[in-house]
Amino acid sequence: MDTNATDLLLTTTRAVRRRLDLERPVPRELIEECLRIAIQAPTGGNSQGWRWVVVTDADVRLKLAELYRSQAGILEQMRKRAKDNGDQATERVYQSAIDFAEVLHKVPVLLIPCIQGRVNNASNPEVAGLYGSIIPAAWSFMLAARSRGLGTVWTSIHLAKEKEAAELLGIPDDFIQVALIPVAYTKGIDFKPAKRTPVEEVTYWDHWGDN
Ligand SMILES: Cc1cc2nc3c(=O)[nH]c(=O)nc-3n(C[C@H](O)[C@H](O)[C@H](O)COP(=O)(O)O)c2cc1C
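So, a few notes on the structure that sits alongside this text. (Residues numbered from 1 in each chain as written. Predicted model: local features only at pLDDT ≥ 70, side-chain atom pairs only at ≥ 80, totals over all residues. Heavy atoms only, no water.)

**Details of the site of the ligand**
Right, on to step 1. Near the ligand, the surroundings consist of Arg14, Ala15, Arg17, Tyr68, Val93, Ala97, Val153, Trp154, Thr155, Ser156, Ile157 and Arg196.
Right, on to step 2. One of the backbone N or O atoms of Ala15 is found 2.8 Å from an oxygen atom in the ligand.
Right, on to step 3. At a separation of 2.8 Å, an oxygen atom of the ligand approaches a polar side-chain atom of Arg196.
Right, on to step 4. Within the complex, 64% of the 620 Å² of free accessible area of the ligand lies under protein.
Right, on to step 5. Residue composition of the shell around the ligand, by class: 7 nonpolar, 2 polar and 3 charged. (Near = heavy atom within 4 Å. Polar contact = N/O pair within 3.5 Å; in protein donor to acceptor, adjacent residues only side chain to side chain. Areas by Shrake-Rupley, 256 points an atom, 1.4 Å probe, with all protein chains shown as cover. Nonpolar A, V, L, I, M, F, W, Y, C, P; charged D, E, K, R; others polar.)

**With respect to the packing of aromatic side chains**
Right, on to step 1. Following the criterion strictly, the structure yields 2 aromatic pairs and no others.
Right, on to step 2. Taken together, a centroid distance of 4.7 Å and an interplanar angle of 65° make the contact between Tyr204 and Trp208 edge-to-face.
Right, on to step 3. A cation over a ring is seen here: Arg19 above Phe191, with NZ or CZ 4.1 Å from the ring centre.
Right, on to step 4. If you follow Arg24 out to its NZ or CZ, it ends over the ring of Tyr185, 3.5 Å from the centre. (Phe/Tyr/Trp six-rings, centres within 6.5 Å; stacked < 30°, edge-to-face > 60°. Lys NZ or Arg CZ within 6 Å of the ring centre and 35° of its normal.)

**Thoughts on the pairing of strand 5 (residues 181–185)**
Right, on to step 1. A large share of strand 5 lies buried, amounting to 5 of its 5 residues.
Right, on to step 2. For strand 2 (residues 109–116) and strand 5, the ladder comprises 3 bridges, and the chain directions are antiparallel. The residue bridging Leu111 from the neighbouring strand is Ile181, located in strand 5.
Right, on to step 3. Sheet topology places strand 3 (residues 150–152) next to strand 5; 3 bridges connect them, and they run antiparallel. Residue pairing across strands places Leu150 opposite Tyr185, the latter belonging to strand 5. (Buried < 20%, exposed > 50% of the residue type's maximum accessible area, 1.4 Å probe, protein only. Helix = DSSP H or I, 4+ residues; strand = E, 2+ residues; numbered from the N terminus. Pairing = 2+ DSSP bridges.)

**What about the packing of helix 2 (residues 28–38) against helix 7 (residues 135–146)?**
Right, on to step 1. At their nearest, the axes of helix 2 and helix 7 sit 8 Å apart, and the two run at 135° to each other. In terms of orientation, helix 2 lies oblique with respect to helix 7. Like other packed secondary-structure pairs, helix 2 and helix 7 cross with a definite hand, here right-handed. Note on element contacts: helix 7 touches helix 2 through Ala137, Ser140, Phe141, Ala144 and Ala145, opposite Ile31, Cys34, Leu35, Ile37 and Ala38.
Right, on to step 2. Looking at side-chain class alone, the contact of helix 2 with helix 7 contains 9 nonpolar, 1 polar and no charged residues. (Axes fitted to C-alpha atoms, helices over the stretch in contact; angles between N-to-C directions. Parallel < 35°, antiparallel > 145°, perpendicular 65-115°, else oblique. Left-handed = near helix turned anticlockwise from the far one by under 90°. Contact = heavy atoms within 4.5 Å.)

**A closer look at unusual backbone geometry**
Right, on to step 1. Even without a glycine there, the phi angle at Asn46 is positive, about 55°.
Right, on to step 2. Turning to its location among the elements, Asn46 is positioned in the loop between helix 2 and strand 1 (50–55).
Right, on to step 3. On the accessibility criterion, Asn46 (55% relative accessible area) is exposed.
Right, on to step 4. Phi at Asn121 is positive, roughly 55°, even though this residue is not glycine.

**Quick look at the state of the cysteines**
Right, on to step 1. Here the structure, examined in full by the defined rule, presents 0 disulfides.
Right, on to step 2. Take Cys34: it sits in no disulfide, and the sulfur closest to it among the cysteines is that of Cys114, at 18 Å. (Disulfide = S-S within 2.5 Å.)

Structure representation (structure tokens):
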């Protein structure tokens, strides 16, 4: 395996908002190719309870984007909190998210990963089993997309309007939506690893707190 290539992919798959090409159509076959790769991901008991709703219709994208924008106040609250804390990097992230909300309907593909089940009053193993059976696949989709010149960003704020989105898209009650992932070609393909808390500080060996 070419670890240079895989490490580059794994370390540079960023949340892309400002550099999405909103004009260039994304072929259906490319989305299908990425999804075919994504569904190689693991699921609890090999349940494969996923469904993938790929939204390309302009009217439906607009309605979804309106649901998303109805929740954008939370992004502004978070931006303000970061500003008050003097955390400029986080403030920039939220400003980018706020600006992105305004153009969301123009992104050519909006992908909603869904999974059968619901977590009301569920135990931690049940919650972990449910989300753990869709998030690895959704992330694989994002990696496969990146390696084909597509950018994505994991978003979640529309989930506060999950019911309305389900009605819009015809998603049945026994499936939950876990995210809304906009997909478009990127302007340029050079993305960089992000600054993270050093791994030594967040890794413990044999006992909590022991580095
Ligand atoms: C669970 C989760 C929820 C997120 N929700 C949103 C969102 O609603 N809107 C948005 O623009 N970005 C959202 N993001 C993207 C994060 O802001 C982004 O991943 C983070 O700032 C790190 O940037 P990076 O992915 O480029 O390293 C979300 C990411 C995750 C993992």
